Amino acid sequence: MRNHKPGPPNQYTMQNIEILDYSIHLGDIIESLDKYLAGKANAQLFLLVDENTQEHCLPVIEARLANRTYTVFKIKAGEIHKNIETCIDVWHAMTTANLDRQAIMLNIGGGTICDLGGFCAATFKRGISFVQIPTTLLSQVDASIGGKLGIDFEGFKNHIGVFKSPETVLIDPAFLHTLSERELRSGYAEVIKHCLIADGDHWKELIEIHDLKN
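Rules and cut-offs
- Residues numbered from 1 in each chain as written.
- Predicted model: local features only at pLDDT ≥ 70, side-chain atom pairs only at ≥ 80, totals over all residues.
- Heavy atoms only, no water.
- Helix = DSSP H or I, 4+ residues; strand = E, 2+ residues; numbered from the N terminus.
- Expected span 1.5 Å × (residues − 1).
- Polar contact = N/O pair within 3.5 Å; in protein donor to acceptor, adjacent residues only side chain to side chain.
- Phe/Tyr/Trp six-rings, centres within 6.5 Å; stacked < 30°, edge-to-face > 60°.
- Buried < 20%, exposed > 50% of the residue type's maximum accessible area, 1.4 Å probe, protein only.
- Arc of directions from axis to C-beta.
- Contact = heavy atoms within 4.5 Å.

**What about helix H4 (residues 84-96)?**
The terminal C-alpha atoms of H4, which comprises 13 residues, lie 18 Å apart, in line with the 18 Å expected from a rise of 1.5 Å per residue. Looking at where H4 begins, the residue whose side-chain oxygen comes 3.2 Å from the main-chain nitrogen of Glu-85 is Asn-83. A positive phi of about 60° marks Asn-98, the residue just after H4.

In structure tokens form, the structure reads like this:
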């Protein structure tokens, strides 16, 4: 359960990571979002959130969209809602908003939002652009990376899906201040897994971290 507001949005230095056909921007969401939208003044924007990110993260994003026309659609939070029924609701909202093929979807949330939102974008009108704005540690290190998109089906996790790269991924560590200790530990386990597989030196740094809130 998210329980407090993000920390100061300007305390992180921007870093850019190039991955094949898109970039990951790590740092202040205000700076990275402004740069991304600078050349897309005429694009329709569709923002996908859940009840948690609507309360804690959306206001930061909306503050940068004061002069833009955009649509916000909220789905229920949690893996249990990562299914075709939710996709139908999202596609219906996208259709009602009259999105064209040049529209851009901003997925603001954790793994469910990134997986399902990206899948809906990749299949709407044979594919529109989307941006992943992951707000949990797990989604920042896993769900938003690699273009892995999909939904659960008949009890099978990520059973229906596609691979399609986002236009960009915008990661702001400040959003992690909205997470509970349990959610941080869940994401940190994924960080540990990657380090054990591929980065022994980084593993030595990780085992010295005792307070995930800092």
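**Quick notes on the packing of aromatic side chains**
In the structure shown here, the tally under the stated rule is 2 aromatic pairs. Relative to Phe-119, the ring of Trp-91 lies with its centre 6.2 Å away and its plane at 50°, an arrangement referred to as tilted. Of this pair, Trp-91 sits in helix H4 while Phe-119 is found in helix H5 (residues 111-123), placing the two residues 28 residues apart along the sequence. Assessed through its relative accessible area of 23%, Trp-91 is described here as partly exposed.

**Some details on helix H1 (residues 29-37)**
Turning to H1, its buried residues number three or more, namely Ile-29, Ser-32, Leu-33, Tyr-36 and Leu-37. All buried residues of H1 fall inside an arc of 120° around its axis, so they share one side. On its buried face, H1 sits against strand S2 (22-26), strand S3 (45-50), helix H3 (58-62), strand S5 (104-109), strand S6 (129-134) and strand S9 (168-171). The N-terminus of H1 is capped by Asp-28, whose side-chain oxygen sits 3.0 Å from the backbone nitrogen of Ile-30.

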